[in-house]
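# Survey of secondary and tertiary structure
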Amino acid sequence: LSPGSKAMRWAVPVFLACLACLPGAADAGGQAERRPAASTLLLVLDFAPSWSADGTRIAFTRYRHGFGTISADGSGERWIEADVIRPAALSPDGEWFAFASDGGDPVGLSTIRADGSEPRLLRAGYGHGAPVWSPDSRRIAFQAPDGALWVVDRDGGVDERLASLGADPTWSPDGRWIAFSARGTGDPASADLMVVSSWGGAARALVESRGTQVSPR
């Protein structure tokens, strides 16, 4: 592995975490040093930071623990506990989180206010993809467990199936369109770049990936 490679960046923390689960060396008194379990080190992982629209706070997710926001100076942390393995999404207006939970209660795609009030289960079940908010904070795009691309209202009242297969959705600035990646008809490892109206209709291919993965942003 080269020192700067992506594999090396992952290998080092995983190797250190594995060392943590080995029996500790004896101290001067002959007692084995107690080390935290590897699971403790691996599961306490903060990731997917994103700025609030007003630039005053940073939202982040903690693997299997929850999500929240914190001021850029490290003060004023607000925390919501949840069993999440994919990034929770802060709405553009800063008022809501959308998240997919595969553990705890409830299991499924949910929303909750950033202050922890008004939790709402939108779609029950395991395996929902990371949600993505519309620019007006009223709708949420996500990949369902069967791979289909959906959009649902924030209150869960109206949903729309946009494509039979769609990942990595991203909204246009005006909220009218959603770009996404979809597996190509040739190589199963490929994914074509597609675009579809956020209100439904036929999706059209923009780029045929020809054996590579694409992720619109």
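Figured I'd write up the structure that's included with this text. (Residues numbered from 1 in each chain as written. Predicted model: local features only at pLDDT ≥ 70, side-chain atom pairs only at ≥ 80, totals over all residues. Heavy atoms only, no water.)

### As for the sheet that holds strand β2 (residues 57–62)
Reading across the sheet, the 4 strands line up as β1-β2-β3-β4 and stay open at both edges, with antiparallel pairing between neighbours. Because the sheet does not close on itself, it has two edges, and the strands there are β1 (46–51) and β4 (78–81). Across the sheet, the axes of successive neighbouring strands diverge by a mean angle of 15°, strand direction being ignored. By the bridge criterion, 6 bridges tie β2 to strand β3 (residues 66–71) in an arrangement that is antiparallel. Its bridge partner being in β3, I58 is matched across the sheet by I70. (Pairing = 2+ DSSP bridges. Helix = DSSP H or I, 4+ residues; strand = E, 2+ residues; numbered from the N terminus. Axes fitted to C-alpha atoms, helices over the stretch in contact; angles between N-to-C directions.)

### Overview of the environment of I85
With respect to the helices and strands, the residue I85 is situated in the loop between β5 (83–84) and β6 (89–90). Between the C-alpha atom of I85 and that of D102, which follows or precedes it by 17 residues, the distance is 7.6 Å. Those residues in contact with I85 that lie beyond four places of it in its chain are F47, Y63, R64 and D102. (Contact = heavy atoms within 4.5 Å.)

### Thoughts on the nonpolar core
Ranked by internal contacts, the top residues of the largest apolar core, which has 13 residues, are L109, L122, W133, I140, F142, W150 and V152. Of all elements in the fold, only β7 (96–103), β11 (139–143) and β12 (149–153) reach the threshold of two or more residues within this core. The element best represented in this core is β7, accounting for 3 residues. Aside from chain neighbours lying at most four places away, what touches L122 is L109, S110, T111, I140, V152, D153, R154, D155 and G156. (Core = buried A, V, L, I, M, F, W, Y, C linked by side-chain atoms within 4.5 Å. Buried < 20%, exposed > 50% of the residue type's maximum accessible area, 1.4 Å probe, protein only.)

### Here's the deal with the packing of aromatic side chains
Pairs of aromatic rings are described using the distance from one ring centre to the other and the angle between the two planes. Enumeration according to the criterion identifies 3 aromatic pairs in this entry. With a centroid separation of 4.7 Å and an interplanar angle of 50°, the aromatic rings of F67 and F97 are classed as tilted. Remark: F97 occurs in strand β7 and F67 occurs in strand β3; sequence separation between them is 30 residues. F97 shares its class with F67; the two are buried. Relative to F99, the ring of F67 has its centre 4.9 Å away and its plane inclined at 45°; by these criteria the two rings are tilted. With F67 in strand β3 and F99 in strand β7, the pair connects residues that are 32 residues apart, well separated along the chain. Assigned by exposure class, F67 and F99 land together as buried. Each member of the aromatic cluster is reached from another via a ring pair, and the members are F67, F97 and F99. Of note, R62 hangs over the ring of W79, and the distance from its end group to the ring centre comes to 4.7 Å. Taking the ring centre of W199 as reference, the NZ or CZ of R139 above it sits at 3.6 Å. (Phe/Tyr/Trp six-rings, centres within 6.5 Å; stacked < 30°, edge-to-face > 60°. Lys NZ or Arg CZ within 6 Å of the ring centre and 35° of its normal.)

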